[in-house]
Amino acid sequence: MMITSEPTTTDNPSLEDPRVFQQHQDNLGIDVPWLTSAKQSAWSRYLELPSPLRTDEKWRFANLNRIREMGDFRPVPGTTPEVPGIVERSRRFNEVSGRLVLADEALAAAVELDPDLRKQGVIFTTLADAIVQHPDLVQRYFMQQTPELGSEKFEALHVALLRNGTFLYVPDDVEIDRPFVSYNWSCRDGGALFPHTLFITGRNARASLIEFQEAATEETRHLVVANAHLYAGDGARPVHTIVQNWNLNTLSFQLNTNNAQEETVTKSTLINLGSIQARQEIHGKIFGSGSNVEMYALNVPRGRQEFDQRTLQSHIAPRSRSDLLFKNALMESSRSIFSGLIIVEEDAQQTDAYQTNNNLMLSDKAEANSLPGLEIKANDVKCSHGATTGRIDESEIFYFLARGIPRSKAQELMVFGYFEEIVQKLDNAELAEYIRERLVHKFTD
Amino acid sequence: MSSTPDLNIERDVGNFHYDTSYEFDAGTGLNEQTIDYIADVKGEDDWVREFRKKALKIFRDKPVPTHWASKDLENIDYDKIRYYLSKGQRPSRTWDEVPDDVKNTFERLGIPEKERAYLAGVEAQFDSEASYSNMKEELSKQGVIFVGSTEGLREYPEIFRKWFGKVIPIGDNKFSALNSAVFSGGSFIYVPPGVKVKQPLQAYFRINAENFGQFERTLIIADEGSEVTYMEGCTAPQFETSTLHSAVVELVALKGAKLQYITVQNWSANVFNLVTKRGMAMDDAEIKWIDCNIGSRLTMKYPGVVMRGPGARGEVLSIALAHDGQHQDTGAKMIHAADNTSSNIISKSISIGQGRSTYRGIVNMPRSLKSCKNNTECDALLINSNSRTDTYPAITVRGNQSTVQHEASVSKVSAEQIFYMMQRGIPEDEAMSLAVNGFVNDLIREFPMEYSVELKRLIDLEMEGSVG
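Parameters at a glance
Residues numbered from 1 in each chain as written. Chains lettered and ligands numbered in written order. Predicted model: local features only at pLDDT ≥ 70, side-chain atom pairs only at ≥ 80, totals over all residues. Helix = DSSP H or I, 4+ residues; strand = E, 2+ residues; numbered from the N terminus. Rg over C-alpha atoms; globule rule 2.2 N^0.38 Å. Contact = placed C-beta atoms within 7 Å. Axes fitted to C-alpha atoms, helices over the stretch in contact; angles between N-to-C directions. Parallel < 35°, antiparallel > 145°, perpendicular 65-115°, else oblique. Left-handed = near helix turned anticlockwise from the far one by under 90°. Buried ≥ 20, exposed ≤ 12 C-beta atoms within 10 Å, placed from the backbone. Nonpolar A, V, L, I, M, F, W, Y, C, P; charged D, E, K, R; others polar. Pairing = 2+ DSSP bridges. Core = buried A, V, L, I, M, F, W, Y, C linked by C-beta atoms within 7 Å. Expected span 1.5 Å × (residues − 1). Bend = angle between axes of the 7 residues up to and from the residue.

(A) Highlighting the overall build of chain A. The secondary structure content of chain A amounts to 11 helices and 22 strands. Expected size for 445 residues packed as a compact globule is a radius of gyration near 22 Å; at 21 Å, chain A falls within 12% of this value. Dimensions of chain A, computed from the C-alpha atoms along their principal axes, are close to 65 × 50 × 50 Å. Restricting the contact set of chain A to residue pairs at least 6 apart, pairs at least 24 apart contribute 84%.

(B) Summary view of the overall build of chain B. Scanning chain B from terminus to terminus reveals 11 helices and 24 strands. Computed over the C-alpha atoms, the radius of gyration of chain B is 22 Å, within 12% of the 23 Å expected from 2.2 N^0.38 for a compact globule of 468 residues. Along the three orthogonal principal directions, the C-alpha set of chain B runs to about 65 × 60 × 45 Å. A sequence separation of at least 24 residues applies to 82% of the contacts in chain B between residues at least 6 apart.

(C) Seen up close, the packing of helix 9 (residues 394-402) of chain A against helix 10 (residues 407-423) of chain A. Residues and elements named next belong to chain A. For the pair helix 9 and helix 10, the least separation of the axes is 9 Å and the interaxial angle reads 125°. Looking at the two axes, helix 9 sits oblique to helix 10. Note that helix 9 runs across helix 10; the crossing there is right-handed. When helix 9 is examined against helix 10, the residues Glu396, Ile397, Phe400 and Leu401 are found in contact with a partner set consisting of Arg407, Ala410, Gln411 and Met414.

(D) Seen up close, helix 8 (residues 174-182) of chain B. Residue and element names in this part refer to chain B. Across the nine residues of helix 8, nine count as buried, placing the element largely inside the fold. When we look at burial in helix 8, the residues that qualify are Lys174, Phe175, Ser176, Ala177, Leu178, Asn179, Ser180, Ala181 and Val182. Summarising the contacts, the buried residues of helix 8 are in contact with helix 1 (32-42), helix 2 (46-61), strand 9 (217-222), strand 12 (248-253) and strand 14 (271-281).

(E) Main features of the interface of chain B and chain A. Taken together, the contact pairs 32 residues of chain B with 34 residues of chain A. Where the side of chain B that touches chain A is concerned, the elements lending two or more residues are strand 23 (388-398) and strand 24 (403-412) of chain B. Looking at the side of chain B that touches chain A element by element, the count peaks at 11 residues for strand 23 of chain B. Residue classes in the side of chain B that touches chain A are distributed as 11 nonpolar, 16 polar and five charged. Examined bridge by bridge, strand 21 (residues 367-376) of chain A and strand 23 of chain B share seven bridges and lie antiparallel to one another. Across the sheet, residue Asn369(A) finds its bridge partner in strand 23 of chain B, namely Thr396(B).

(F) View of the nonpolar core. One finds Val182(B), Ile189(B), Ala222(B) and Ala253(B) to be the most contacted residues of the largest nonpolar core, which totals 255 residues. Sort the elements by how many residues they give to this core and strand 11 (residues 222-232) of chain A lands first, with eight residues. With near-sequence residues (within four places) excluded, Val182(B) lies in contact with Leu30(B), Thr34(B), Ile35(B), Ile38(B), Tyr83(B), Tyr84(B) and Phe215(B).

(G) Seen up close, the pairing of strand 21 (residues 356-365) of chain B. Residues and elements named next belong to chain B. A large share of strand 21 lies buried, amounting to nine of its 10 residues. Across 10 bridges, strand 21 lies against strand 23 in parallel orientation. Pairing of Asn364 across the sheet is with Thr396, part of strand 23.

(H) Examining the packing of helix 2 of chain B against helix 8 of chain B more closely. Residues and elements named next belong to chain B. For the pair helix 2 and helix 8, interaxial distance at closest approach is 7 Å and the crossing angle is 150°. Here helix 2 is positioned roughly antiparallel relative to helix 8, judged by the angle of their axes. The hand of the helix 2/helix 8 crossing is left-handed. Packed against helix 2, whose contacting residues are Phe51, Arg52, Ala55, Leu56, Ile58 and Phe59, the element helix 8 presents Lys174, Ala177, Leu178, Ser180 and Ala181 at the interface. Residue composition of the contact of helix 2 with helix 8, grouped by class: eight nonpolar, one polar and two charged.

(I) Structural view of helix 10 (residues 428-444) of chain B. The end-to-end C-alpha distance of helix 10 of chain B is 23 Å, a good match for the 24 Å that 17 residues give at a rise of 1.5 Å each. Of all the bends in helix 10 of chain B, the largest measures some 40° and sits at Gly438(B).

Pasting the structure below:
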């Protein structure tokens, strides 16, 4: 099934049409002065900033052709598209604290939230609703931190044209076991989406947010420039997972920050399955002491997919820890770029920071690029990074063969063993099982 | 913790300056006339003059690479540099024939003494040209050529031209283009098939004049199955104004040859040391760079090996010591272009006071090759709380037949280590030196004996007073 773009071209200009921003402002339907002015200045910034060049360090090894051609996408109009089955397909888990379903950035069903949590002051709603209902709270966090890893132009475009997203606020001392789940569906062909997530955990709060990024059908073409910002107050323990599974005609950006105050345990994980090209920037900013910030990713590109990930672990305060593990398994003619940096500032003594990138090459045509960097300005630190690129160990395969397990099965077991290191960090049995299924599906399709 | 060491005793060995008169002086600044002057006094063929002029254009067109490199590069004023200074273009074969003002310099640096003790040949370059060049007679009889680049171009154009600019093209980077435009001096070495040169050949580079730019050009060709070790040392007096050293070194190891290139860089702290060094290793050949950087204001140097033939091997072993006001931006490039090639990079850096050391590396297995291996280890030691280190590797692998591993770590000398040694009556300074020597010891062992002793002493002295 194909969803053609409606309304017509004339009232829905493309990104290269000069009227696109005015049109967006006119039909946004949110009249909040600080947001309007933020959007206006973001639009001018978008127009001013140059397009990335290959010679730019932050775009080294990146494929820029698709990015140069994004002008013909059209921002989605803000009305709910007619796509049957979306809400039913958004019932992946039974044990949830809340559920939110957006189709082309419009609410597809009423937001679900556990009434007990609502009483405790938990806010889980769309960003559009939060801007209207809790303008001060949103303003306090909105775009206060940015990744600064190369996509400043696309971040400006995101702010200028964003209309919706996910807002989760967990007040001080509220601890929640069951995850909040949000679904973002891309629907209309040629549509450009700018979903924005704000996940705020107060002092000593604990909560988990899982975001699914999906396409209603495989054939439609999309541009997605998503942002997600995680704010962990003192002692908070947020867990944030994004399962990126846009369709294979999608160019996607994911621009994230994880902001940790004192004594937090902050965990974020990216599972990358979809998109023909995904550019992701994740900046972990450690403002407080005694925090433990974990950043994980599992990437399984296939065909001609390209996953381009740039990460930064910024240690601003002393005595914190950060750990990053990004694992790629590359099939067919896929490409990966991992560019990671740890910065330890002058005052961040007694930092422990680790960064690991593993690339498992499963095809003779796959290409992995790894740029693991360190910038250390304090001396009393424990810092290391490691990068490995290799294939399945033949001696381990031999071990399986000697026990009568055929080669193909042995390889499959080895690859799933390789993924398991990340899957087990997900802390949620339903999610882990779902990811295992998706991985098997991607491998055996 | 933050008191900064201020002793640079060992650097003072080269910090003296005798007044010298020059017969040939290309003046200050760089333009086409500078190049004509250099080509004229050297009596070069037209193709060399054209090569230089083409390079000048490329140098001018290329931007200063500050989008990834240090902004300090913007402080080089190319109009204030003197590009060619010499007493003549023909080096002496005996020290007696070397003019006194130049000879005194090299004697004070101990070069003739070292030659007698353990070297197979020596070339001593004073500003733009070699003033002394000699090699043991038995090596000449075996067909080994060891001369300056000026002489190499003149006497052996058929060998020289075949490889000149082939490993490092003019436009490789802005500074290789600059060198290609105004190069003078450096060594030309050819080792015939099967000849194994047992003792090292040594070149010594001396910058004597203020505001001078030294642009030596070295080409070493080890023919099939041959072996040779080349060592270079360098010093300059400490001037108030900055000095530029920008060399291009090309190595060619033909089938089965082994080539080892050792550098102990101890330029004074006003020298910009921007050097391009690369080797090409054919089938089963081996190229090993041993690189030690102690001096200079800013060093940018990433020795590389292009493994062109199956079974070729490349290695870079590197030690960098960055003191206050110094930035050692060093690393390695390993380009795997054939099956079964392997490379190894071990880099250790020590940052003292506000010194900054940077590792920058490239490992590239761009085509779907079989059984290629790379191992990279870079370890950084930070001595003071305001010391700085960076690591920027870039690794590209295509295909599922090769393996690459990269590891890096940053550490400091632990208080427990120092305390333990002090408990046993070792003074704090000495304990610090021992700890630092322990950090680099396994690498220093790879250096030839004479060098490892000198290096250990250098590091002891550099560490003096660094505990605070």
